[in-house]
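# Reading the structure
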Amino acid sequence: TDGHLCPQPDAGMARVPHYGRRMADGPIHELMQRWHRHVRGDLPGGLDELLHDDVVFLSPVVFTPQQGKAITTMYLNAAGQALPGEGADSVADAVANGSSGGGFRYTKEVLDGHTAVLEFETTVEGKYVNGVDIITCDDDGKIVEFKVMVRPLQAVNAVWAQMGAVLESMADKA
């Protein structure tokens, strides 16, 4: 199928290329509307509303899968602080302000049934980061698996260092 632009659920969102067949139904579509609201900081209940209690988080820098809502929430909140790109304090700030010039932004979205693949770009420590969030949901529209993949190698190393610093800071505050 040819790629085409698919408008995002909310008028304030940028248009993101959508590839593949378009399924009008399926829980992933409604979940992605809520996910984009969460990323902008506009979803009451945030991750607690999105994540299944037994969600599995697969990180590009942690060898073992992380299981459970609490640890997944911790990693996703840390990523929100670690990956905003240049000139933003958080991913929500970068997205809400129409990220440009190295700020976090989703560039492509592929939805099918219970799975979404969201490609993103940002910068960390001046290094270009390109990655994908692969999100799987159940029939109730709760995220049951969240996998993050990042490239190139310099980006993986920069993300690892930045995430480590944010997680350490979060632990110091707890």
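Because the structure is predicted, anything quoted here is derived from the model rather than measured.

Counting residues in each nonpolar core, the largest one holds 37 residues, and the members touching the most others are L31, M32, W35, I135, I143, F146 and V150. Aside from chain neighbours lying at most four places away, what touches I135 is I28, L31, M32, W35, H114, T115, A116, L118, I143, E145 and F146.

Glancing now at the pairing of strand 7 (residues 127-137). Residues in a regular strand project their side chains so that they alternate between the two faces of the sheet. Where strand 6 (residues 115-124) lies against strand 7, ten bridges are found, and the strand directions are antiparallel. What sits directly across from L118, in strand 7, is D133. Linking two consecutive strands that pair antiparallel, namely strand 6 and strand 7, is a turn of two residues; a positive phi of about 50 degrees is found at E125 within it. Bridge count between strand 7 and strand 8 (residues 143-151): eight bridges; the pairing is antiparallel. The partner of D133 across the bridge, within strand 8, is V148. Between strand 7 and strand 8, which follow one another and run antiparallel, lie five residues, and G141 among them has a positive phi close to 75 degrees.

Turning to the packing of aromatic side chains, a few remarks are in order. Inspection of every chain in the model, using the stated rule, returns five aromatic pairs. Aromatic side chains W35 and F146 sit 5.4 Å apart centroid to centroid with 55 degrees between the ring planes, which places their arrangement in the tilted category. Here F146 lies in strand 8 and W35 lies in helix 1 (residues 27-39), a separation of 111 residues in the sequence. Each ring, one from F57 and one from Y75, has its centre 5.3 Å from the other, and the planes form 15 degrees; the classification is stacked. One end of the pair, F57, is in strand 3 (residues 51-58); the other, Y75, is in helix 3 (residues 69-82), with 18 residues separating them in the sequence. Each member of the pair, F57 as well as Y75, is classed as buried. Among the aromatic residues, those joined into a ring-pair cluster are W35, F57, Y75 and F146.

Criteria and cut-off values
- Residues numbered from 1 in each chain as written.
- Predicted model: local features only at pLDDT ≥ 70, side-chain atom pairs only at ≥ 80, totals over all residues.
- Heavy atoms only, no water.
- Core = buried A, V, L, I, M, F, W, Y, C linked by side-chain atoms within 4.5 Å.
- Buried < 20%, exposed > 50% of the residue type's maximum accessible area, 1.4 Å probe, protein only.
- Contact = heavy atoms within 4.5 Å.
- Pairing = 2+ DSSP bridges.
- Helix = DSSP H or I, 4+ residues; strand = E, 2+ residues; numbered from the N terminus.
- Phe/Tyr/Trp six-rings, centres within 6.5 Å; stacked < 30°, edge-to-face > 60°.

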